[in-house]
2 protein chains.
Amino acid sequence: MEHEELEAADAVGSEEAEISNDKPEEVSLEEQLKEALNKSAELEAKLADAENRYIRLQADFDNSRRRARLDIEASEKYRAQKLISDLLPAIDNFERALQMETDSEQVKSVLQGMEMVYRSLLEALKNEGAEQIESVGKEFDPHIHQAVMQVEVEGFESNTVVEEFQKGYILKDRVIRPAMVKVNQ
Amino acid sequence: MEHEELEAADAVGSEEAEISNDKPEEVSLEEQLKEALNKSAELEAKLADAENRYIRLQADFDNSRRRARLDIEASEKYRAQKLISDLLPAIDNFERALQMETDSEQVKSVLQGMEMVYRSLLEALKNEGAEQIESVGKEFDPHIHQAVMQVEVEGFESNTVVEEFQKGYILKDRVIRPAMVKVNQ
């Protein structure tokens, strides 16, 4: 820009020199004016363009921040999903082990102690927003129940879960694993 | 630069004064030129300003994206920390229950089954990067061991952990809970 400035100064200088003749200075002035007006128009276009680019960048920036916030929220919300999924087989086995039938009072006592451990594991999952899906006696819901058997049993309403083969788990609003169930038709 | 602009405008002004007598239409042209040059200068300043603001915004944008990426990485790395902390009391109780001494073969068999469940829980934690801290026989390390007792025992080297009261856990490079230990002095 300094360079253009100098040109403008030169133009004024040469014009001064020319004034002495008849009227070439008017041409020169008009040309200068025309040039100056052209330059202004060009600068206005550039300025408008720069301002548009700024506005677009600002919009991109806002979008990017919004997306980053949503990403963080989603990744926070389901942060424990992988660990919970990895824990489920152990919890399934725990549950099965607790269902052991026995006449031994000693074994019953051990199982009672273990049942407390089991409940406190489920409590920790609950603190993170993960819970077991309710099944037996509930209306069959394909979002949370996976029907692996269909039966016709009297005394149960139609489309009702009558038995559960494997517990389902939900993390907040996301089904980690549907419950495997038997449904009455 | 504005300063040069003003000088250029002055030059035009003084010249204008000389011409003003017989040719008033030229004054008008010169005034227009002066105005046009002033406007150009003003637009150039605005354009430079707009370009600077764009560059600053771009730099802010880049920084913001970099920070967001680091935030996501950190929150991913330790995502399961809260759940793991919540699980530790249940795992402690599990461990204690398994250490039960018994003569009953039935109870021994139940405990063996439960030990497999316990190991698979630890395996799930390991998949997430969480592991038990090794203690007994290791050199005392205040970063991972919490000394709750100090003894003098022969046959152990000094500053060595001789007993562990409660397991410690580490998640990747972060200590979730130090091991509570007895140290030989």
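For the structure itself, look to the data block above.
Source: prediction; values computed, not measured.

A. Main features of unusual backbone geometry. Residues and elements named next belong to chain B. One non-glycine residue with positive phi stands out, namely N159, at about 60°. By the element assignment, N159 lies in the loop between β2 (145-151) and β3 (160-166). For K172, which is not a glycine, the phi torsion comes out positive at approximately 55°. Among the structural elements, K172 can be located in the loop between β4 (169-171) and β5 (174-177). For K172, a relative accessible area of 37% translates into the label partly exposed.

B. Fine view of the relation of the copies chain A and chain B. Rotating chain A by 179° about the axis while translating it 0.5 Å along that axis superimposes it on chain B, leaving an RMSD of 1.0 Å. Look at the turn and shift together and you get a two-fold axis relating the two. A share of 95% of the interface residues of chain A reappears at the interface of chain B, consistent with the copies meeting face to face through the same patch.

C. Region of interest: the interface of chain A and chain B. Chain A puts 65 residues into the contact, and the matching count from chain B is 63 residues. Interface area, chain A with chain B, both sides summed: about 5900 Å², of which 73% is carbon and sulfur. The interface formed by chain A and chain B contains two salt bridges. Of the charged contacts, one joins E44 of chain B and K39 of chain A as a salt bridge, the two residues approaching to 3.0 Å between their closest N and O atoms. At the boundary of chain A and chain B, one finds three residue pairs in polar contact (both at pLDDT 80 or more). Of all the secondary-structure elements, those providing two or more residues to the side of chain A that touches chain B are α1 (2-18), α2 (24-77), α3 (81-98) and α4 (105-127) of chain A. The dominant element in the side of chain A that touches chain B, judged by the number of residues it contributes, is α2 of chain A, at 28 residues. Grouping the amino acids of the side of chain A that touches chain B by side-chain chemistry returns 32 nonpolar, 11 polar and 22 charged.

D. Up close: the layout of surface pockets. Residues and elements named next belong to chain B. The computed volume of the second largest pocket comes to approximately 280 Å³. Taken together, 13 residues make up the lining of the second largest pocket; nearest its centre are Y118, R119, L122, E123 and Q132. By residue number, the principal contributor to the lining of the second largest pocket is helix α4 (residues 105-127), which donates seven residues. Of the residues that constitute the lining of the second largest pocket, the class distribution is six nonpolar, one polar and six charged.

Criteria and cut-off values
Residues numbered from 1 in each chain as written. Chains lettered and ligands numbered in written order. Predicted model: local features only at pLDDT ≥ 70, side-chain atom pairs only at ≥ 80, totals over all residues. Heavy atoms only, no water. Helix = DSSP H or I, 4+ residues; strand = E, 2+ residues; numbered from the N terminus. Buried < 20%, exposed > 50% of the residue type's maximum accessible area, 1.4 Å probe, protein only. Least-squares fit on C-alpha atoms with pLDDT ≥ 70 in both. Contact = heavy atoms within 4.5 Å. Buried area = accessible area lost by both parts, 1.4 Å probe. Salt bridge = Lys/Arg side-chain N within 4 Å of Asp/Glu carboxyl O. Polar contact = N/O pair within 3.5 Å; in protein donor to acceptor, adjacent residues only side chain to side chain. Nonpolar A, V, L, I, M, F, W, Y, C, P; charged D, E, K, R; others polar. 1 Å grid on protein atoms, 1.4 Å probe; cavity = no way out; pocket = protein on both sides within 12 Å on 5 of 7 lines; lining within 4 Å. Points joined across faces, edges and corners; volume = space filled by probe spheres on them.

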